[in-house]
Each structure stands twice: as structure tokens, then as C-alpha cells.
Amino acid sequence: MQTQPTASHFIGGEYVEDTAGKPIDVIYPATGEVIGRVHSATPAIVDRALEAARGAQAAWAAMTGTERGRILRRAADIMRERNHELSVLETYDTGKPYQETSVADATSGADALEYFGGMAATLTGEHIQLGEDWVYTRREPLGVCVGIGAWNYPTQIASWKGAPALACGNTMVFKPSETTPLCALKVAEILHEAGAPAGVYNVVQGLGDVGAALVSDARVDKVSLTGSVPTGRKVYAAAAAEMKHVTMELGGKSPMIVFDDADIENAVSGAILGNFYSSGQVCSNGTRVFVQKGIKEAFLARLSERLGQAVIGDPQDPATSFGPMVSARQMEIVQGYIAKGQDEGARLVCGGNRLQRDGFFLEPTVFADVTDGMTIAREEIFGPVMAVLDFEDEGDVMARANDTEFGLAAGVFTRDLARAHRVAAGFEAGTCYINTYNDAPVEAPFGGVKASGVGRENSKAAIEHYSQVKSVYVRMGDLEAPF
Ligand code: NDP
């Protein structure tokens, strides 16, 4: 497959190159080979992209929602038709197994384009009668939106930000992570092919400095970041300086609570999905697995057995179910945490090693007897490392589950219906699960509380974050004034 993109950037409806920008090698995580090269955006490229987005915005917003929606839905159809090639590319970009990318990336991007495309025609204001007078509201776009993505879901993030932004009549400049620059270009190409006018959706490559330049530019009205908490703090502060709107989808250290009445097989499935999917590189992962003492050893035994069935290898092989880390750097960060877990006295139940093969492969790793103060129980690792903690009762575990600066997600496994809802209500987290983990349908709001973020992606809630309401007071009679 051709992994070298036509050019580094997509601006004003076409591929654009500027080799004056710093080269960024694209590395296939399964082999460590360089499979492409793009160039970071120079100030001239950033300027061109923002001008293109600014220039296209008024005409795009002036189209009817039905017309905009039709283009988004056409893009969704194209994305689904090309799911195979987009999934292969996503696997080259990220190293995630094709078994995952073929069902979770372009398909999820298409879901967002279809959902917000369908919603575009329904975006209206309201009428408020005040005696003879009345107020009407207009739901208006924000203007130019900047999207900045993390490296774990490059197609999905580019689509989850682009679809609601465009549905509301905004235009977008999207900067993918420098680690995974390939997939967002395809999203731009498909939107253009589906009929999005030039400049409506643009992609520029670059590192954090390009993101920072975009965030601080006066031509930008809104910033949506998917990234870590430290980056979120910087981006939020820069956006605040100019009072820009923000959506912050940041990191987590989410709790998953398994009560002793849970179906063990389902709880183990949830723990696997919530820790080892995408080699653990998922923001909402339930990496603090609290298991009630009565079933702890049975849970660990079944978990180890099931992890032994993971097929680790060439991620392009549809049989492979567990792939490499995205980069050598991320692998080293995770290895550091594994060493720390051992140093601080956690019990290594399985995994812990790098695989003796090319690429950035780590074994799925489980620590038991983890205590609340250990580093592996406090910091986001963003790799295949599960921490299992013991607990006695509900009161004790809820306080511990919420004792974190993060609040992205949380899950509970139990057969007790009342307890399930009580626990979900008690979680300090934006996205909660009962007897499942990490489902993220476009119809449901997704996002965090506390340090994990601001705003929501997906669902009707996203519309609030990509549009603003103008109210218009209409007086029907004469106007009285004091003098
Ligand atoms: P980073 O925070 O390192 O980077 C995120 C993006 O921000 C990258 O494109 C990065 O550029 C860019 N960036 C870095 N510094 C700045 C800056 N000062 N101004 C503007 N942009 C900047 O995150 P990772 O890419 O390492 O992704 C992993 C993190 O993302 C984890 O914490 C994870 O939890 C979180 N995440 C959150 C999700 C959510 O929905 N809540 C979903 C997925 C991931 P570059 O890296 O190219 O230099």
C-alpha cells in the first residue's frame, strides 16, 4: 500500500507541500521502518490554512443545513466504501491491529459524519412569546475551529471534531499528532470529494509549536483538543487569553469496580477491553481495576488465562488481536512505569516484557496487590498495564475510585441493579459504564470532568460546543423612554 501521502497538508481543497518545514518521519510501529515523510507547517502554511478556513466560512454557513448535511452524509458513505483501505492505513499510522481498525476507526468516523449530517437540517433556534412582543433565537456557528489530535485514533478524532463543527456551519483547520500524520489527510480528501467547498476542512502537519500557533491566532474562534492534561492546561490558557471557545478531551486514570456478585467472564472481558484494546492506548481506559476480595484470585486466574489467548504479531494480519505501541518513545515511557510498579512492590501477575522482535511490542501486563499511593495507580500510563486493587465494601471503594484529579470514565460490574445505578451516580466521571466498558457510540455524549476535560463530543451535546445562540428581541408596539 502507498503510505507516502500526496503532500503534507490539505488546504483550500487541495494537497499542498512546503518542504521548508521540518521533516517528520512516519514510522510503522510494527517494524520501526520509515514508511513516509511529511513536513511540519511553516508560518506561511499556517497562515494559508487559516485564510482558507476564514474565507470559506461565510458561504458554508449560508448554505442550508440540509445541503451541508448531505455533503457530510456523502462523506460518510465514501468512508464506509473505503473502510478496508482506510483501516490498512490507520494500522500503518498507529500500529493498531487491522482486527480493530476495520471496525473502530473509519467506521466510527463515518458514524459521526452520518449522525451530524443528519442533524444539520434540524439545528434551529426557538421562539419565545412575551405578550405581544417576542424573542427568537438563532443558532449560529462560531466561525473557524481548530482541531488538535492525539495519536491513538487519528481518523476518529479528525472526524469527531470535523463532523459537528461542519454541521453547525463552521470551518476547520485540523492538526494531527506528529506521530500519526497520515489519516486526517484522507478525512479531508473524502470531505472534499463529497462536495465540501475548498477551505471548509483543512489539515496542517506539525508538532506542538504548530498547534500553539493555531491556538493563539486571532482568526480562530474555537479550539478542540484531544491530548494529555499538561497539554490541555497550556492550550486552555492560550485560548482563554482571547476568550476562545474550547473543548478539552484529556487523559484519565479511570476506575473499574468489580463486585463479588459480578459475572466474572463479563468482568474479565470488560477489563481486557478497558486495558488492552489498542495496546492500552485509550484515554477512557479503566486502568484501576478494583476487585472485591472474595473473587480476586478467581478474577486474576481467568484474566491470565484469557490474556494467554491474545494473538500478538503483524497488525495487518486479521488474526492479530494485540499490536505494538505507537512509538519507541511511548514504549519506553510504559517500560518505565512497569519498572516503577515492580520497584514500589506491586505483584507482577503476567507480562512486563518487551517482545524480542522488530517494532515496539510490549506484553499485556497485569499488576495485582496495587495500593492507592503507587505511581501505577495514580498516573496515566497509556499502555497495556493494568493495576488490580483490592477492596472490601462499596463505601470504601467509591471514595478511593474518586480520589484522583482525573474524571474521564468509570465502570462497574455487578448483578445488583440498585447498586449499579447508585455507583454510576456516585462516580466523579463524565462517561460511565454498567456491565460493559469503553463503548463510545456517536449518539452518547463523551467527555470528562475534573482535569479530564471540558465540553462533550458526540451526541446532541456536541452541538452546544460548536455553535452559539443569538437572541433577537422583537417589539411589536411603540417604545416608551423616560425622557
Ligand atoms: P499530547 O498532549 O502530547 O498531544 C496532543 C496534541 O497536542 C498533539 O497533536 C500535540 O502535537 C499537540 N500539542 C502539544 N503541545 C501543544 C501546545 N502547546 N499547543 C497546541 N498543541 C499542542 O497527547 P498525545 O498525542 O501524547 O496523546 C495521548 C494523550 O491524549 C493521553 O493523555 C490521552 O489520555 C489523551 N487522549 C484523550 C482522549 C479523550 O477523548 N479524552 C482520546 C485520546 C487521547 P505533537 O504531539 O504532534 O507535538
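As shown above, the structure is provided for reference.
The structure displayed is predicted, hence computed values, not measured ones. (Residues numbered from 1 in each chain as written. Predicted model: local features only at pLDDT ≥ 70, side-chain atom pairs only at ≥ 80, totals over all residues. Heavy atoms only, no water.)

So, on to the sheet that holds strand 5 (residues 127–130). Read across the open sheet, the 3 strands follow the order 5-6-20; overall the sheet is antiparallel. The sheet is open, and its two edges are formed by strand 5 and strand 20 (467–474), each paired on a single side. Each neighbouring strand pair of the sheet contributes to a mean axis angle of 20°, computed without reference to strand direction. Bridging between strand 6 (residues 133–141) and strand 20 involves 8 bridges; their strand directions are antiparallel. Paired with Arg138 across the two strands is Lys470, which belongs to strand 20. (Pairing = 2+ DSSP bridges. Helix = DSSP H or I, 4+ residues; strand = E, 2+ residues; numbered from the N terminus. Axes fitted to C-alpha atoms, helices over the stretch in contact; angles between N-to-C directions.)

Right, let's get into the pairing of strand 10 (residues 222–226). Most of strand 10 sits out of view: 5 of its 5 residues are buried. Neither face of strand 10 is exposed, since Lys222, Ser224 and Thr226 on one face and Val223 and Leu225 on the opposite face are all buried. Note that strand 7 (residues 144–148) and strand 10 share 4 bridges and pair parallel. Its bridge partner lying in strand 10, Val146 is registered against Val223. (Buried < 20%, exposed > 50% of the residue type's maximum accessible area, 1.4 Å probe, protein only.)

A few words on the nonpolar core. Leu166, Leu191, Tyr201, Val258, Phe299 and Val366 are the most contacted members of the largest nonpolar core, which totals 71 residues. If you tally residues by element for this core, the top one is helix 6 (residues 154–167), at 7 residues. Among the nonpolar cores identified, the runner-up in size contains 29 residues, and Val334, Met374, Ala410 and Val412 belong to it. (Core = buried A, V, L, I, M, F, W, Y, C linked by side-chain atoms within 4.5 Å.)

Here the focus is the pairing of strand 13 (residues 288–292). For strand 13, a buried count of 5 out of 5 residues is recorded, marking the element as mostly surrounded by other parts of the structure. Burial of strand 13 is two-sided: the residues Arg288, Phe290 and Gln292 facing one way and the residues Val289 and Val291 facing the other way are all buried. Alignment of strand 12 (residues 255–258) against strand 13, held across 4 bridges, turns out to be parallel. Bridged to Ile257 within strand 13 is Phe290. In this region the chain leaves strand 12, passes through helix 10 (residues 264–276) and returns to the parallel neighbour strand 13; the handedness of that crossover is right-handed. Examined bridge by bridge, strand 13 and strand 16 (residues 385–391) share 5 bridges and lie parallel to one another. In the sheet register, Val291 faces strand 16, and the bridge partner there is Asp390. (Right-handed = clockwise from strand over helix to strand, strands pointing away.)

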